[in-house]
Amino acid sequence: MIHAEGLTKQFGNLVAVDGVSLDIGEGEVFGLLGPNGAGKTTTVRMLTSLISKTRGTAEVAGCELGNEADALRLRQQIGVLPENVGLYEGSSAYDNLEYFGHLYRMDAVTLRKNIQRLLEMMGLWEKKDVPVETFSKGMKQKLAIARALVHDPVLLFLDEPTANLDPEAAKMVRDTLLDLKRERRTIFLNTHNLDEAQRVCDRVGILRTRLLTTGSPSELQSRVFGTRTVVRLANASESVAAAVRARLGGARQVELSGDQLLVEVKDPDRENPDIAEAVIAAGGRIRELSQPGPSLEDVYLKLIHGEALPS
Amino acid sequence: MRLSQAWVVARHDMHLLRQKRGILAGLIALPLGVGFGFPALVGLILSSNSTDASAWLPMYLDAFSFWFVIGAASLPTTIAAYSIVGEKVSKSLEPLLATPTTDGEILVGKGLAAFVPTVTAMWAGSIPFQILIDLETRGPLGYLYYPNWSMAISLFLLMPTVALLAIEASVVISSHVTDVRSAQQYASVIFVPLIFVYVASEVALSLDVTTLLVLTGAFALLVVALYFVSTRTFHREEILTRWK
């Protein structure tokens, strides 16, 4: 659905996005993560042909970026939710969607059906004639998502859909995203919210001007941090750590952190019993032995703060 | 350029304008003011002046009718300011730009939304103006002053040209300001030459067919020049990356 090679955007001397290459398949939910100013919005604007690219090539929904003739065809096939919802506040929810339906040159019958289906899906049908200015932030965001879907696009771009929303409104929007995922929609999601990315996205990419890495959240977690076993002890000591290190052999990382022993493992099923035996043999008393995975937040912070990605 | 797509934008903007009381008031009050106010003034002047009206009245009538042209410069600056700066402030331009609509179609749509109500309102105001003036001046002048070629050129050539110029100026100004009032204030610069012409017409300048055609030509040249500036300004990438 999206194939980009070396996509670059430069504003004067400033490189906003540098050599982004990625592939996103049909029905996939892809999350682009990155700090403010990382180039997420610029990337979306390039992929939606809102702004031109400086270098690189990309094909989105079968349309080549940079080809003027393809730009209108591309925008006809995609739905975009910008960072600022930009609704017409004095108009009703129905009028907002109807206007965009007309801009997408939809026939009246299909448009009416789509508006009703989407407003019902978003729980806004009862308020279809109410001016949008009376809506809560969450309702506005849902209406803006409905607007992006009104012409039934094959690909949806959502730029920070839960930014600036209170937890309840954010959940409302996140549930909508999960509904869209169940419908097998292809979604390109820009987000700051790592928890949201972990729950909604099939794959994520981490951008800091350059695309640092892509993969499923669990893939990234094990690639960046490896697998760790945590042993909580009643009597943690350096001698217990040394015993475990000796038992596993090689340059395996074994750290003592408070009452916990953090042990890098390659094969937990085989090595965890060895770890337990070594601890007990060294006089350690085990309270708990677990295999916690790092969160996507840990991965994100490690990559964003410039630590190299292990091969 | 698909005019039907531009018309979708124009129709929507005109629908939004109906929600703006200030603009509606201007669209009604200005044509009514000129259409009924000046005939009332002419009635007062005629009642207090017993000299030969044919010697001085036509100059006043031409000057008064020039207010339709001035009105055509005033109304679109307000409408275009709301239509463009208003959307910029409410951040609704980006979703609009993400639709399969070209920059030109959006620009023409927004232009039409300012042009059509303005010209329609001023044309409507010119009807009572001409009828009432004819009723009042037929006796003193001995003939029907309206319709005449000067009025026809004012209404059908000069007024639309000036309205277009005001719209283009508003587009360019809108890219540099962040609120509607500033856009209106900067756009009022367009009144300067028009007020100058009006004052000159009250003193010495004859607003005859030749003068009006020359003025139309001069403003048309400005329209062409500003067209290139406004289309460069109203460019998707410019709007998203450079507009304040």
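Visitor: Hey, could you run me through the overall build of chain A in this one?
Guide: A tally of helices and strands in chain A yields 11 helices and 14 strands. Each of the three principal axes of chain A carries a C-alpha extent, and together these read 80 × 45 × 30 Å. Among the 311 residues that make up chain A, the fraction classed as buried is 42%. Looking at chain A alone, contacts between residues at least 24 apart form 70% of all its contacts between residues at least 6 apart.

Visitor: When you look at the interface of chain B and chain A in this model, what are you seeing that I'm missing?
Guide: Reports of interface size often rely on the accessible area that becomes lost once the parts have come together. In this assembly, 19 residues from chain B lie in contact with 23 residues from chain A. For the side of chain B that touches chain A, the secondary structure elements donating two or more residues are helix H1 (3-17), helix H5 (93-97) and helix H11 (236-241) of chain B. In terms of residue count, H11(B) provides more of the side of chain B that touches chain A than any other element does, four residues in total. Grouping the amino acids of the side of chain B that touches chain A by side-chain chemistry returns seven nonpolar, eight polar and four charged.

Visitor: Honestly, the nonpolar core in this entry has me stumped. Any pointers?
Guide: Among the nonpolar cores identified, the biggest contains 148 residues, and A:Phe188, B:Ala72, B:Met159 and B:Val162 are the most heavily contacted of them. Considering each element in turn, this core owes the most residues, 14 residues, to helix H7 (residues 149-174) of chain B. Not counting the four nearest positions on each side in its chain, B:Ala72 is found in contact with B:Thr118, B:Val119, B:Met122, B:Met159, B:Val162 and B:Ala163. By size, the runner-up hydrophobic cluster in this structure holds 14 residues, among which are A:Ala236, A:Ala243, A:Val244 and A:Val265.

Visitor: Please clarify how the sheet that holds strand E1 (residues 2-11) of chain A should be interpreted in this entry.
Guide: Backbone hydrogen bonds hold the strands of a sheet together, and the pairing may be parallel or antiparallel. Residues and elements named next belong to chain A. Ordered by their spatial adjacency, four strands build an open sheet running E2-E1-E4-E5, and the pairing between neighbours is antiparallel. One side of each edge strand has no neighbouring strand; the edge strands of this open sheet are strand E2 (14-24) and strand E5 (63-64). Here five bridges tie E1 to strand E4 (residues 55-60), and the two strands are oriented antiparallel to one another. By the bridge assignment for E4, His-3 is matched with Glu-59.

Visitor: Teacher, can you tell me more about the packing of H7(B) against helix H8 (residues 180-187) of chain B here?
Guide: Two numbers describe a pair of packed helices, the interaxial angle and the distance between the axes. Residues and elements named next belong to chain B. Taken N-terminus to C-terminus, the directions of H7 and H8 make an angle of 130 degrees; their axes are 9 Å apart at the nearest point. In terms of orientation, H7 lies oblique with respect to H8. For H7 against H8, the interelement crossing comes out right-handed. Residues Ala-166, Ala-169, Ser-170, Ile-173 and Ser-174 of H7 lie in contact with H8, whose contacting residues are Ala-183, Tyr-186 and Ala-187. Residue composition of the contact of H7 with H8, grouped by class: six nonpolar, two polar and no charged.

Visitor: Would you mind going over the packing of helix H4 (residues 67-89) of chain B against H8(B) with me for this structure?
Guide: All names here are of chain B. Relative orientation of the contacting elements H4 and H8 amounts to 140 degrees, with a least axis distance of 9 Å. Here H4 is positioned oblique relative to H8, judged by the angle of their axes. The two elements H4 and H8 meet at a crossing, and its hand is right-handed. In contact with Thr-77, Thr-78, Ala-81, Tyr-82, Val-85 and Gly-86 of H4, H8 contributes Val-180, Ala-183, Gln-184 and Ala-187. Split into classes, the residues belonging to the contact of H4 with H8 amount to six nonpolar, four polar and no charged.

Visitor: Mind showing me how you'd approach unusual backbone geometry here?
Guide: Outside of glycine, negative phi angles account for most residues, and trans bonds account for most peptide bonds. Here B:Tyr146 and B:Pro147 are connected by a cis peptide whose omega angle stands at -5 degrees. For A:Ser49, which is not glycine, the phi torsion reads 60 degrees and is therefore positive. Counting through the fold element by element, A:Ser49 comes out in the loop between helix H1 (40-47) and E4. C-beta crowding within 10 Å serves as the criterion here: with 27 such atoms nearby, A:Ser49 is assigned to the buried category. Not every positive phi belongs to a glycine, and B:Lys91 is a case in point at roughly 60 degrees. Relative to the assigned elements, B:Lys91 resides in the loop between H4 and H5.

Visitor: In this structure, what is going on with the confidence of the model for chain B? I would like to understand it.
Guide: Detailed reading of the predicted coordinates is not advisable wherever pLDDT falls low. On average, residues of chain B carry a pLDDT of 88, and 100% of them reach 70 or more. The complex model carries a pTM of 0.80, and its ipTM stands at 0.83.

Visitor: Looking at this model, I keep getting lost on the pairing of strand E12 (residues 254-257) of chain A. Mind explaining?
Guide: Within a regular strand, the side chains alternate between the two sheet faces. In the sheet, E12(A) pairs with strand E13 (residues 260-265) of chain A via four bridges, with the strands oriented antiparallel. Note that in E13(A) the partner of A:Ser257 across the bridge is A:Gln260.

Visitor: Please clarify how the sheet that holds strand E3 (residues 29-33) of chain A should be interpreted in this entry.
Guide: All names here are of chain A. Spatially, E6-E7-E8-E3-E9-E10 is the arrangement adopted by the six strands of the open sheet, whose pairing is mixed. Two strands close off the open sheet at either side, each with one partner strand: strand E6 (78-81) and strand E10 (210-215). Sheet twist, expressed as the mean angle between neighbouring strand axes with direction ignored, is 15 degrees. Pairing geometry for E3 and strand E9 (residues 203-208), over four bridges, is parallel. Paired with Gly-31 across the bridge in E9 is Val-204. Running over the sheet, helix H11 (residues 296-304) touches E3, E9 and E10 and is turned about 30 degrees from E9.

Visitor: Is there a simple way to explain the pairing of E1(A) in this structure?
Guide: With seven bridges connecting them, E1(A) and E2(A) associate as antiparallel partners. Residue pairing for E2(A): A:Lys9 is matched across the bridge by A:Val17.

Visitor: I tried to follow helix H3 (residues 93-103) of chain A on my own but got confused; where do I start?
Guide: In an α-helix, one turn spans 3.6 residues, which is why side chains three or four residues apart end up on the same side. The buried count for H3(A) comes to eight of 11 residues, which makes it a mostly enclosed element. Buried residues of H3(A): A:Ala93, A:Asn96, A:Leu97, A:Tyr99, A:Phe100, A:Gly101, A:His102 and A:Leu103, and no others. Lining the buried residues of H3(A) we find helix H4 (108-121) and helix H5 (137-149) of chain A together with H1 of chain B. Two residues or fewer past H3(A), A:Arg105 is found with a positive phi of approximately 55 degrees.

Visitor: How should the environment of A:Asn235 be read in this particular structure?
Guide: Residue and element names in this part refer to chain A. Looking at where Asn-235 falls in the secondary structure, it is placed in the loop between strand E11 (227-233) and helix H9 (238-248). Among the residues examined, Asn-235 registers 13 C-beta atoms within 10 Å and is labelled partly exposed. Along the chain, Asn-235 and Glu-160 lie 75 residues apart, while their C-alpha atoms are 46 Å from each other. Ignoring any residue separated from it by four or fewer positions in sequence, one finds Asn-235 in contact with Gly-284 and Arg-285.

Visitor: What should I look at first to understand H1(B) in this one?
Guide: Across its 15 residues, H1(B) extends 20 Å between first and last C-alpha, which sits within 8% of the 21 Å expected from 1.5 Å per residue. Contacts from the buried residues of H1(B) go to H3 of chain A together with H4 and helix H6 (103-141) of chain B.

Visitor: Help me out: how do you make sense of the confidence of the model for chain A in this one?
Guide: The pLDDT averaged across chain A works out to 87; a share of 95% of its residues lies at or above 70. Within chain A, helix H8 (residues 217-225) of chain A has the poorest average pLDDT of any element, 70, and H3(A) the best, 96.

Reading the values: rules and limits
- Residues numbered from 1 in each chain as written.
- Chains lettered and ligands numbered in written order.
- Predicted model: local features only at pLDDT ≥ 70, side-chain atom pairs only at ≥ 80, totals over all residues.
- Helix = DSSP H or I, 4+ residues; strand = E, 2+ residues; numbered from the N terminus.
- Buried ≥ 20, exposed ≤ 12 C-beta atoms within 10 Å, placed from the backbone.
- Contact = placed C-beta atoms within 7 Å.
- Nonpolar A, V, L, I, M, F, W, Y, C, P; charged D, E, K, R; others polar.
- Core = buried A, V, L, I, M, F, W, Y, C linked by C-beta atoms within 7 Å.
- Pairing = 2+ DSSP bridges.
- Axes fitted to C-alpha atoms, helices over the stretch in contact; angles between N-to-C directions.
- Parallel < 35°, antiparallel > 145°, perpendicular 65-115°, else oblique.
- Left-handed = near helix turned anticlockwise from the far one by under 90°.
- pLDDT = per-residue confidence, 0-100.
- Expected span 1.5 Å × (residues − 1).

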